[in-house]
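As a plain string of letters, each chain reads:
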Amino acid sequence: MSTSPTTAIETFANPSPRGDYTIRMTMPEFTCLCPKTGQPDFATLKLEYVPEQLCIELKSLKLYIW
């Protein structure tokens, strides 16, 4: 199990590719440094999508954003 940043986002086959549904993810722990001041910035990232053939694996997305 990885606990460091990664450049890969894992996916898995959509279990209902013919269904029309929305996947919503909220990541309230996003932090970064302001490039101008060097001060920390805090944000909540919200991702919403309608999958076709693949779905995004949430843990790999969090490691990618990290």
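Above this note sits the structure.
Described in the following lines is the structure provided in the data block. Here the structure is a predicted model, which is why all the values come from computation and not from measurement.

Taken as a whole, the largest pocket holds about 170 Å³ of empty space. For the largest pocket, the full set of lining residues is Met27, Glu29, Phe30, Thr31, Leu45, Lys62, Ile65 and Trp66. Listed by contribution, the elements that provide at least two residues to the lining of the largest pocket are strand E2 (23-33) and helix H1 (58-65). A class-by-class count of the residues in the lining of the largest pocket yields five nonpolar, one polar and two charged.

One face of the sheet, then the other: side chains in a regular strand alternate in exactly this way. Where E2 and strand E3 (residues 40-49) come together, nine bridges link them in antiparallel fashion. The residue of E3 that forms the bridge with threonine 26 is lysine 46.

Ranked by size, the top nonpolar core spans six residues in total: Ile23, Met25, Met27, Tyr49, Cys55 and Leu61. Broken down by element, this core gets its largest block of residues, three residues, from E2. With residues up to four places along the chain from it excluded, the contact list for tyrosine 49 reads Tyr21, Thr22, Ile23, Met25, Leu54, Cys55 and Ile56.

Conventions we followed
- Residues numbered from 1 in each chain as written.
- Predicted model: local features only at pLDDT ≥ 70, side-chain atom pairs only at ≥ 80, totals over all residues.
- Heavy atoms only, no water.
- 1 Å grid on protein atoms, 1.4 Å probe; cavity = no way out; pocket = protein on both sides within 12 Å on 5 of 7 lines; lining within 4 Å.
- Points joined across faces, edges and corners; volume = space filled by probe spheres on them.
- Helix = DSSP H or I, 4+ residues; strand = E, 2+ residues; numbered from the N terminus.
- Nonpolar A, V, L, I, M, F, W, Y, C, P; charged D, E, K, R; others polar.
- Pairing = 2+ DSSP bridges.
- Core = buried A, V, L, I, M, F, W, Y, C linked by side-chain atoms within 4.5 Å.
- Buried < 20%, exposed > 50% of the residue type's maximum accessible area, 1.4 Å probe, protein only.
- Contact = heavy atoms within 4.5 Å.

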